[in-house]
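# Working through the structure, step by step
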Amino acid sequence: MTKETKIFYVSGKLESAPLDEAAKILAQGGTVAFPTETVYGLGADALDEKAVMQIFEAKGRPADNPLIVHVASREDCKPLVLDIPEKASLLMDRFWPGPLTIIMERTDIVPDVTTGGLDTVAIRFPENQIAIELIKRSGKTLAAPSANLSGKPSPTSSGHVIADLSGRIDAVVDGGDATIGLESTVIDVTSEIPAILRPGKISREELEECVGGVKIAYDDKVHPESETVRSPGMKYTHYSPRAGVILVEGEHSAVVKRIKELLEDLNMRDAKTGLMLTDESENDFSGIESFSIGSKNKPEQAAKYLFFGLRDLDLRNVDIIIVDGSFDSRGIGAAVFNRLRKAADMIIKVQ
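Note that this is a predicted model, so its numbers are computed, not measured. (Residues numbered from 1 in each chain as written. Predicted model: local features only at pLDDT ≥ 70, side-chain atom pairs only at ≥ 80, totals over all residues. Heavy atoms only, no water.)

### Describing the nonpolar core
Filter applied, for reference: We define a nonpolar core as any set of buried Ala, Val, Leu, Ile, Met, Phe, Trp, Tyr and Cys residues linked to one another through side-chain atoms lying within 4.5 Å. Working definition: with a 1.4 Å probe on protein chains only, accessible area under 20% of the residue-type maximum means buried, over 50% means exposed, and in between means partly exposed. Contact between two residues is taken to exist if any of their heavy atoms lie within 4.5 Å; hydrogens are not considered.
Counting residues in hydrophobic clusters, the biggest one holds 62 residues, and the most contacted among them are Leu91, Leu100, Ile102, Ile123, Leu134, Val173 and Leu207. Each residue touching Leu100, except ones within four places of it in the same chain, is listed here: Leu91, Phe95, Ile123, Arg124, Ser184, Thr185, Ile187, Ile202 and Leu207.

Printed below as a string of structure tokens:
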């Protein structure tokens, strides 16, 4: 059954009427996509099993893939978790509201459908004021994965959401483009040694400093479909456009040389190719569909434009997207490489 998807426009002035209408839909068990500082999320009442099931149906998302619960205050966490560990409290003090999701042991109030059947729940307090207001006005905590069809690049604008989910969800709150462009860092604090399950803007070094220098483990691998996982983004194919993706990693000049070799080969095969380039490599290519993801020395730019670029080149009907992977891999750059490696059909490393 096709839904009539309403569009609500909300600016930084936080207009009450559209927010109230969107919040009412959520309070009544509906689905609403909304902006956060990371990407757009698809929200529904996290404690209403029927409401949450609509998220999976709209996205075509596997039901064993856990969701992140969004809250509007630390107080909202208390009914959801058995305990807030000391390390979690320190992380909340430093990084909430913001792009950090914390996994803790859940209470029975959180339904299995929201957690993928796990005994833990992933919780985030977003920084985006529209998201905060929507949560408050709905009176609900919101399960909210990225508002895209499952497996596709995450949405960083309302246009991306509408392209994927129009007719499949109840409403979209258009609050402008996401400012970060990548999903939140996810950290599990249920063990003695915390573990990063998905990298994001907040780096491992920042997290370790916050918890007193305690070493933090790292597990961002895609696990087999038969294996139970603890976080979104660890099991199924993610972030993939329609076109095939080739990621070329390495030093700038070597990456440019390898991309030229690939283009020559693909042209002989009559494959329409698009390029995602750093600013520094744009002048090395002409007459080819391309999208700039910013300077190789500013990975925060690559983070902001990564998903936008994959979608943009897909709309140009290219067969193959070659990505210039010569940008800085430190800090948020590590998160960009994480997403690209999961999206890529082929990874080529050069020196």
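### Concerning helix H2 (residues 49-59)
Worth spelling out the cut-off: For helices the rule is a DSSP run of H or I covering at least 4 residues; for strands it is a run of E covering at least 2, with both sets numbered from the N terminus onward. Counting of polar contacts relies on pairs of N or O atoms within 3.5 Å, with two restrictions inside protein: one atom must be capable of donating a hydrogen and the other of accepting it, and residues adjacent in sequence are counted only when both atoms are side-chain atoms.
Taken together, the buried positions of H2 are occupied by Ala51, Val52, Gln54, Ile55, Phe56, Ala58 and Lys59. Lining the buried residues of H2 we find strand E3 (41-45), helix H4 (112-115), strand E7 (142-143) and helix H6 (158-165). Taking the backbone nitrogen of Lys50 as reference, a side-chain oxygen 3.0 Å away marks Asp48 as the first, capping residue of H2. Positive backbone phi, at 70 degrees, marks Gly60, one or two positions downstream of H2.

### Side note on a nonpolar patch on the surface
We apply this condition: Patch criteria: residues need more than 30% relative accessible area and no salt bridge. Like-charged residues are merged within 9 Å; nonpolar side chains of Val, Leu, Ile, Met, Phe, Trp and Tyr are merged within 5 Å. The method behind every accessible area is Shrake-Rupley, applied with a 1.4 Å probe, and residues are considered shielded solely by the protein chains displayed. Take a side-chain nitrogen of Lys or Arg and a carboxyl oxygen of Asp or Glu: if they are within 4 Å of each other, that pair is a salt bridge.
There is a patch of nonpolar side chains on the surface, built from Ile7, Tyr9 and Ile162 and spanning about 280 Å² of accessible area. The topology assignment puts Ile7 in strand E1 (residues 6-9).

### Some remarks on the sheet that holds strand E14 (residues 289-292)
The line we're drawing: By definition, two strands form a pair when at least two bridges between them are found by DSSP. Axis definition: a line fitted to C-alpha atoms, over the contacting stretch in the case of helices. Angles run 0 to 180 degrees between N-to-C directions.
The parallel open sheet is built from 5 strands, whose spatial order is E14-E13-E15-E12-E16. Two strands bound the open sheet, and with one partner strand each, they are E14 and strand E16 (346-349). Strand after strand, the sheet turns through a mean of 20 degrees between neighbouring axes, direction not considered. Bridging between strand E13 (residues 273-277) and strand E15 (residues 320-325) involves 4 bridges; their strand directions are parallel. Along E15, the bridge assignment pairs Thr273 with Ile320. Running at roughly 165 degrees to E14, helix H9 (residues 299-315) makes contact with E13, E14 and E15 of the sheet. Against the sheet, helix H10 (residues 332-343) makes contact with strand E12 (244-249), E15 and E16, and its axis sits at roughly 135 degrees relative to E12, the strand it touches most.

Taken by themselves, the reported measurements are silent on function.
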